[in-house]
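So the chains spell out like this:
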Amino acid sequence: MPRKLAAGNWKMNGTSAELDQARALMAACPTAGVDILICPPATLLSRLSDLVRGSTIATGGQDCHANAMGAHTGDLAAEMLADAGAGYVILGHSERRADHNETDADVQAKVKAALNAGLIAIVCVGETEAQRDAGQTLAVIGTQLAGSLPNGMTDDRLVVAYEPVWAIGTGKVPTLPQIGEVHDFMRAQLLARFGNTANAMRLLYGGSVKSSNAAEIFAVPNVDGALVGGASLKAADFKGIIDALEAA
Ligand code: 13P
């Protein structure tokens, strides 16, 4: 069984004051039976990493550049995230794919950069509402997985997050059978490509996860945790999701 992961994506939210939420979460989780991750905005990464060092909470970035260094104003190299204390980086989030035109090939290049820097890559995939309505969900996910992942991925370096675009920040959640269908499909695709190591890769669900719906989502086979946006911003809300994952 993969070790479960509760990952918070703070997106473009949080200034110094929000470090108090991480302090509160740390105090609420002195021990944890699951991995806990917060991916803050890059401006907080170093301070958050220093704050939670030695605790149950790990930190990650929300994106990285494909190159190791150079003339890329405003971008961050994976090595810089690692140097700031990150253990993970989210790559190919639908907001990056939409706002910055990131393609599967772009995401794959970033995954390689993340691995070179020693980071664990959390690669996001997910269909739009129009694609689901057209019956294209599994085809879209299959194409994104095939194109976004380099060869040779192993369970200790890759997490995959299924985030239906239409479920992000909307309060809409797929049915449990819909989540299960995609997660079963992703596991099968990863097994076919990477072999047995894929049995231990963490497959996260993301999109309007809250403490009130977390338990039923975590009971779906092949759901090994969650990638949480809005409900990760408040320690009490995120703690409820962590508790549900521990109990699953
Ligand atoms: P919400 O939990 O706010 O729907 O966001 C999900 C997400 O995009 C996490 O990466």
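Above this text you will find the structure in question.
Per chain, the residues get numbers from 1 upward, laid out in the order the sequence is written. With pLDDT at 70 or above as the cut-off, local features in this predicted model cover only qualifying residues; side-chain atom pairs require 80 or more to be listed or tallied, and sums for whole chains, interfaces and linings still use all residues. Neither water nor hydrogens contribute to the side-chain values; these are computed over all heavy atoms in the structure.

A. Spatial organisation of the layout of surface pockets. Only protein atoms enter the 1 Å grid used here, on which a cavity is any set of points holding a 1.4 Å probe that cannot leave and a pocket is any open set flanked by protein within 12 Å on both sides along at least five of seven lines; residues with an atom within 4 Å of a point are listed as lining. Grid points are joined across faces, edges and corners, and a volume is the space filled by probe spheres set on the points. Put simply, the largest pocket is a space of about 520 Å³. Along its surface, the largest pocket is lined by 20 residues, and K11, M12, Q62, D63 and R96 are the ones closest to its centre. Secondary structure elements follow DSSP: runs of H or I of four or more residues count as helices, runs of E of two or more count as strands, with numbering from the N terminus. Within the residue set of the lining of the largest pocket, elements represented by two or more residues are helix 2 (42–52) and helix 4 (94–99). Residue contributions to the lining of the largest pocket peak at three residues, all from helix 4.

B. Representation of the sheet that holds strand 5 (residues 120–125) in the model. By the convention used here, strands pair only if DSSP detects at least 2 bridges between them. Taken in spatial order, the eight strands of this closed barrel run 1-2-3-4-5-6-7-8, and their pairing is parallel. Across the sheet, the axes of successive neighbouring strands diverge by a mean angle of 25 degrees, strand direction being ignored. As judged from the two bridges shared by strand 7 (residues 202–206) and strand 8 (residues 225–228), these two strands associate in the parallel manner. Bridge pairing in strand 8 links Y205 to A226. Strands strand 2 (35–39) and strand 3 (57–61) of the sheet are contacted by helix 2, whose axis makes an angle of about 165 degrees with strand 3. Here a residue-residue contact requires only that any non-hydrogen atoms of the pair lie within 4.5 Å. Structural elements are reduced to axes, namely lines fitted to C-alpha atoms, with helices fitted over the stretch in contact, and the angle between N-to-C directions of any two is expressed from 0 to 180 degrees. The sheet contacts of helix 10 (residues 235–247) involve strand 1 (5–9), strand 2 and strand 8, and relative to strand 1 the element is tilted by about 160 degrees.

C. Highlighting the pairing of strand 5. Most of strand 5 sits inside the fold, with six of its six residues counted as buried. Covered by surrounding structure in strand 5 are I120, I122 and C124 together with A121, V123 and V125, the residues of both alternating faces. Taken together, the four bridges between strand 4 (residues 88–91) and strand 5 define a ladder with parallel strand orientation. Following the sheet pairing, Y88 is matched in strand 5 by I120. Summarising the sheet, strand 5 and strand 6 (residues 158–162) pair through five bridges and their orientation is parallel. Residue I122 lies in a different strand from strand 6, and its bridge partner there is V159. Between buried and exposed lies partly exposed: a residue is buried under 20% and exposed over 50% of the maximum accessible area for its type, with that area taken using a 1.4 Å probe on protein chains only.

D. Representation of the site of the ligand. Nearness is judged by heavy atoms alone; a residue qualifies as near a molecule or strand once a single heavy atom is within 4 Å of it. Close to the ligand lie 13 residues, the nearest being K11, H93, G169, S208 and G230. Under the rule applied, a polar contact is a pair of N or O atoms within 3.5 Å (in protein, one hydrogen donor and one hydrogen acceptor; residues adjacent in sequence only if both atoms are side-chain atoms). In the model, an oxygen atom of the ligand is placed 2.8 Å from a nitrogen or oxygen of the K11 side chain. With respect to the ligand, the backbone of G230 contributes an N or O atom lying 2.8 Å from an oxygen atom. Under the convention used here, a 1.4 Å probe and the Shrake-Rupley method define accessible areas, while residue burial counts only the protein chains that appear. Taking 310 Å² as the accessible area of the ligand by itself, protein coverage stands at 95%. For the shell around the ligand, a count of residues per class yields four nonpolar, seven polar and two charged. The classification used treats Ala, Val, Leu, Ile, Met, Phe, Trp, Tyr, Cys and Pro as nonpolar, Asp, Glu, Lys and Arg as charged, and all other residues, Gly among them, as polar.

E. Focus on the pattern of salt bridges. Each salt bridge in this description consists of a side-chain nitrogen of Lys or Arg and a carboxyl oxygen of Asp or Glu lying within 4 Å of one another. A full pass over the atoms with the stated rule returns 14 salt bridges. Put simply, R23 and D20 hold a salt bridge, and the shortest N to O gap is 2.6 Å. Taken together, the residues R23 and D20, both in helix 1 (residues 19–28) and three residues apart, mark about one turn of the helix. Looking at R23, the relative accessible area reads 40%, which means it is partly exposed. Measuring nitrogen to oxygen at the nearest pair gives 2.8 Å for the salt bridge that ties R132 to E127. R132 gets classed as buried once you look at its relative accessible area, which sits at 17%. Salt bridges sharing common partners tie together D63, R96, E102 and K110.

None of this, on its own, says anything about what the molecule does.
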